[in-house]
Structure formats: structure tokens, C-alpha cells
Amino acid sequence: MSNKQNSPSASPSHLSIIRPDDWHLHVRDNEGLKAVVPFTAKQCGRAIIMPNLTPPVTTTDQARVYQQAILDAAGKQSSFQPLMTLYLTDSTPAQEIQTAMESGIISAVKLYPAGATTNSDAGVTDIRKCYQTLEMMQKLGLPLLVHGEVTSHDIDIFDREKQFIDQRLESLIKDFPELKVVFEHITTADAANFVIESSPNIAATITAHHLLMNRNDMLVGGIKPHHYCLPVLKRETHRKALVKAAISGNNKFFMGTDSAPHSKHNKETACGCAGMFTAFAAIELYAEAFDEAGALDKLEQFSSLNGPLFYGLDANSDKITLRREEWTVPDSYQFGDDVVIPLRAGQTINWKLVSES
Ligand code: DOR
Ligand code: ZN
């Protein structure tokens, strides 16, 4: 990484890093997809595309159609590569994993515990029902991406990630010791420690919003529906632990925005959807978090090197440049026939993507 410094201190005015990838992204479908894909295509070489559409992307054939729609939205000039995933259900056949591997277009399989989050109703009700499929994934080296929260009504929402580790993840990993697993969008010190202590085939993504905010940002001074996501923001001690993990240089942690756009109408309502829209300024938000921690020199490893290493891919071959510059985020962006409210709407971000090469 090269920093053109305007002072000898650790606060450069520019930052040039290998082009990042987003290892966890929601781009929706139809008109919404056309609106949001260009943001990621401008910043990232690749993105792991979440399959929680309605209906979910459960087969390789569906993923192929979805991938083409994303490529069309990125535009002919773009070299952006959408890396597709399959949505695991109780009845995903092991044969589908073979088909997925042979196709060369599927990079992973996503486990949503049924009822855990947006469009997870078709998710897994009992992981034991998936054991033959997981066996095949382990054998063929296809990673499992995990939404790590239990769903029982009697478990407090702030404890659901920790409970998932204790009740589900530990035994899953014991039963499939060679399976590659990404613990997605971790939000607790417990999850960070679990990943650190696990074998090299267990990694985690961390979102920019979980590095930048804690639950006060959602609940103090009035409820902020645009700061509601799942897993929900946690207390400050957990945010600090996530920052520590992200800047540690440990190659198990990498960038995954979990940018999850919902229309304004679906967020600002009595029962609002979970998700924050961050893709419009993904790398800028991460830069801010790393800058705040005095660790800009660790950003490239997290955003551009650790992910490809885990997935067995080369890092991107080009670079992007960021400039330290305060800019005001628009109040909204068009999103199909509604708008989406971006994170920091009407407020500022301290870094700006200025060149893509
Ligand atoms: O906040 C979230 N939004 N968390 C998820 O797990 C799903 C996502 C979505 O699809 O809206
Ligand atoms: Zn997600």
C-alpha cells in the first residue's frame, strides 16, 4: 500500500490500495437491482451475492439467470464479477452441490436459520437435515456462509449470536472439521474470539456499520430505523472487539458490507425491515473506521487481500485511490419506484473514492 502523505504523521491525505471485494452483499432484483449494482461495480472487483430473494436462489440455474441480470446492471464496460451463492434449505440435494461446482459460477452456499432475517422463511429448520449436503460441500471444498443467530422466541435478540455459537456452530464445526465456513457479519467479541480460536478454515466478515456504530446509535435520542439491521448493533465493548479483530492483521477477517437496501417505505414503518444501505460508500466507510482506529495501513489487507486468500482466488490486479475529503451524503437514492435512504443520509463521510485505478 502506498500513502502519499502530506505530513509525517499516520494521517495521509490519500490512500492507494488494491481494489477491494465485497464478500457479503445484497443487490435485490428487478429495478432495485439496477439501481444498486453500479455502486458496488464502481468500487469492487468482485462481490459475493446473497441469495435471499423471493423466491430464494436455490439452484444453479436460478443463480445463472440472477448473475446475468447483475452483469447487465453493471454495464458492458465494467469488469465487476458477481460471485453467486445458493440458498440452503432443508431439502437442498447433495446433487445440487455437484451441479454448482461443475458450473464454476457458484462460490458458496448460504445458511439462513429459518426466520432469522429478511426472506429467511425457506431457510434451514434443523441443520441435521442438511448433513448429506454439507458432507458434499466439505468434500468438494464449497464454503458455507452462516447467518449466525438462533431464532427461538425465548432467546434475547442481543444474545442470539453467542447462543448460535454455543448451540449450533461448535457442533457443526466438530462434525465437519474440513468444511470452509464464513461466520458472516459478526457483531460480538464472542464471535471474534471464536473465529480466532478456530481452525484456519473458519473465517468471518465484518461490516462497516458494525465497526462504526453501537446500539446507542439505533436507540438513543429516538429510534433510528435506518440503523436497524440483523444481527442487531451491540454494545460498545463488542464494537471495540470487532475493530480490534479487523485491524489485527489476522487473515481470517475480511470485508463484507452486508449492504442491504430496503425502500424508505419498508424501513420507515411500524414494522421496519432490517438492513442498512452502505454500498454507495463502502470502502469510504471502512476507511473511516480504520482511520479512527489509527490503522489505515491495515485496511488493504482486510478489504483486498484476506478475502481472496480464503476463497482461493488472486487479489484484484488494479488499485483504487481514496482522498481524505469530507463530503455530504445525499438524502436518498432512487430505488425502483421508491427511494433508499443511505447510511449517513444528509451527513458527512471523511473519505472519498477519487480514482478507480
Ligand atoms: O440486516 C440485514 N438485512 N441482515 C440480514 O441478515 C439480511 C439483510 C437483508 O436481506 O435485508
Ligand atoms: Zn446479509
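First things first, this report covers the structure right here in the doc.

What counts and what doesn't
Residues numbered from 1 in each chain as written. Chains lettered and ligands numbered in written order. Predicted model: local features only at pLDDT ≥ 70, side-chain atom pairs only at ≥ 80, totals over all residues. Heavy atoms only, no water. Helix = DSSP H or I, 4+ residues; strand = E, 2+ residues; numbered from the N terminus. Rg over C-alpha atoms; globule rule 2.2 N^0.38 Å. Buried < 20%, exposed > 50% of the residue type's maximum accessible area, 1.4 Å probe, protein only. Axes fitted to C-alpha atoms, helices over the stretch in contact; angles between N-to-C directions. Parallel < 35°, antiparallel > 145°, perpendicular 65-115°, else oblique. Contact = heavy atoms within 4.5 Å. Nonpolar A, V, L, I, M, F, W, Y, C, P; charged D, E, K, R; others polar. Donors = N, O, S within 2.8 Å, 3.2 Å for Na, K, Ca; no water. Pairing = 2+ DSSP bridges. Salt bridge = Lys/Arg side-chain N within 4 Å of Asp/Glu carboxyl O. Near = heavy atom within 4 Å. Polar contact = N/O pair within 3.5 Å; in protein donor to acceptor, adjacent residues only side chain to side chain. Areas by Shrake-Rupley, 256 points an atom, 1.4 Å probe, with all protein chains shown as cover. 1 Å grid on protein atoms, 1.4 Å probe; cavity = no way out; pocket = protein on both sides within 12 Å on 5 of 7 lines; lining within 4 Å. Sits in = over half its atoms within 2 Å of the grid points.

1. A short note on the overall build of the chain
No. 1: Regarding its fold elements, the chain presents twelve helices and 13 strands.
No. 2: Against the compact-globule benchmark of 21 Å for 357 residues, the chain has a radius of gyration of 19 Å, which places it among compact chains.
No. 3: Seen through its principal axes, the chain has C-alpha atoms that stretch 55 × 45 × 45 Å.
No. 4: When burial is assessed residue by residue, the chain has 56% of its 357 residues classed as buried.

2. Description of the packing of helix H1 (residues 30–43) against helix H2 (residues 60–74)
No. 1: Here H1 crosses H2 at 70°, and the two axes come no closer than 8 Å. What the angle tells us is that H1 and H2 run roughly perpendicular. For the pair formed by H1 and H2, the contact residues are Leu33, Lys34, Val37, Pro38 and Ala41 on the first element and Tyr66, Ala69, Ile70, Ala73 and Ala74 on the second.
No. 2: Considered class by class, the residues forming the contact of H1 with H2 number nine nonpolar, no polar and one charged.

3. A look at unusual backbone geometry
No. 1: Here the bond from Thr54 into Pro55 is cis, since omega is -5°, no more than 30 degrees from zero.
No. 2: Along the chain, Leu230 connects to Pro231 via a cis peptide bond; the corresponding omega equals -10°.
No. 3: Within the fold, Pro231 resides in the loop between helix H8 (216–219) and helix H9 (236–246).
No. 4: For Asn119, which is not glycine, the phi torsion reads 50° and is therefore positive.
No. 5: Mapped onto the fold, Asn119 is located in the loop between strand S5 (106–111) and helix H4 (131–140).
No. 6: The exposure class of Asn119 is partly exposed, given its relative accessible area of 31%.

4. Overview of the environment of Gln77
No. 1: Summarising the element assignment, Gln77 is placed in the loop between H2 and strand S4 (81–87).
No. 2: Residue classification places Gln77 among the exposed residues on the basis of a relative accessible area of 79%.
No. 3: Spatially, the C-alpha atom of Gln77 lies 43 Å from that of Lys129, the residues being 52 residues apart in sequence.

5. A few points about the coordination of the zinc ion (ligand 2)
Ideal geometry at a metal centre: 109.5 degrees between donors when four sit tetrahedrally, and 90 or 180 degrees when six sit octahedrally.
No. 1: For the zinc ion (ligand 2), every protein donor is listed as His24 (NE2), His26 (NE2) and Asp258 (OD), and the spread of their distances is 2.0 to 2.1 Å.
No. 2: Linear spacing of the donor residues for the zinc ion (ligand 2) on their chain is H-x1-H-x231-D. Residue His24 is found in strand S2 (residues 22–25), and its partner Asp258 is found in the loop between strand S9 (253–255) and helix H10 (264–267); the two are separated by 234 residues along the sequence. We note that His24, like Asp258, is buried.

6. Description of the sheet that holds strand S6 (residues 144–146)
Strand pairing in a sheet relies on backbone hydrogen bonds. The paired strands run either parallel or antiparallel.
No. 1: As summarised here, the arrangement of the eight strands in space is S2-S3-S4-S5-S6-S7-S8-S9, forming an open sheet in which the pairing is parallel. The open sheet terminates on both sides in strands that have one partner only, identified here as S2 and S9. Recorded for the sheet is a direction-independent mean angle of 30° between the axes of neighbouring strands.
No. 2: Bridge count for S4 against S5 is four bridges, and the pairing is parallel. Bridge pairing links Tyr87 to Lys110 in S5.
No. 3: In the packing of helix H5 (residues 160–175) onto the sheet, the strands contacted are S6, strand S7 (181–183) and strand S8 (202–206), and the crossing angle to S7 comes to about 175°.

7. As for the sheet that holds strand S13 (residues 348–355)
No. 1: Within the open sheet, the three strands sit side by side as S1-S10-S13. Their pairing is antiparallel. The open sheet has two edge strands, strand S1 (14–18) and S13, and neither has a second partner. Each strand of the sheet is rotated relative to its neighbour by a mean of 35°, with strand direction disregarded.
No. 2: Relative to strand S10 (residues 319–328), S1 runs antiparallel, the two being bridged by five bridges.

8. What about the pattern of salt bridges?
No. 1: Counting across every chain of the model gives twelve salt bridges.
No. 2: For Asp21, the salt bridge goes to Arg46, with nearest N and O atoms at 2.9 Å. Of this pair, Asp21 sits in the loop between S1 and S2 while Arg46 sits in strand S3 (residues 46–49), and the two are 25 residues apart along the sequence. The exposure classification of Asp21 matches that of Arg46, with both residues buried.
No. 3: Residue Arg64 is joined to Asp61 by a salt bridge in which the shortest nitrogen-to-oxygen separation is 3.2 Å. Here Arg64 and its partner Asp61 are both found in helix H2, three residues apart, which amounts to about one turn of the helix.
No. 4: Classification of Arg64 as partly exposed rests on a relative accessible area of 39%.

9. Remarks on the site of ligand 1
No. 1: Near ligand 1 there are 14 residues, and of these Arg28, Asn52, Thr118, Leu230 and His262 occur at the shortest range.
No. 2: A distance of 3.0 Å separates an oxygen atom of ligand 1 from a polar atom in the side chain of Thr117.
No. 3: The backbone of Ala274 places a nitrogen or oxygen atom 3.0 Å from a nitrogen atom of ligand 1.
No. 4: In the complex, 99% of the free accessible area of ligand 1, which totals 290 Å², lies under the protein chains.
No. 5: The cavity where ligand 1 resides is the largest cavity.
No. 6: Residue composition of the shell around ligand 1, grouped by class: four nonpolar, eight polar and two charged.

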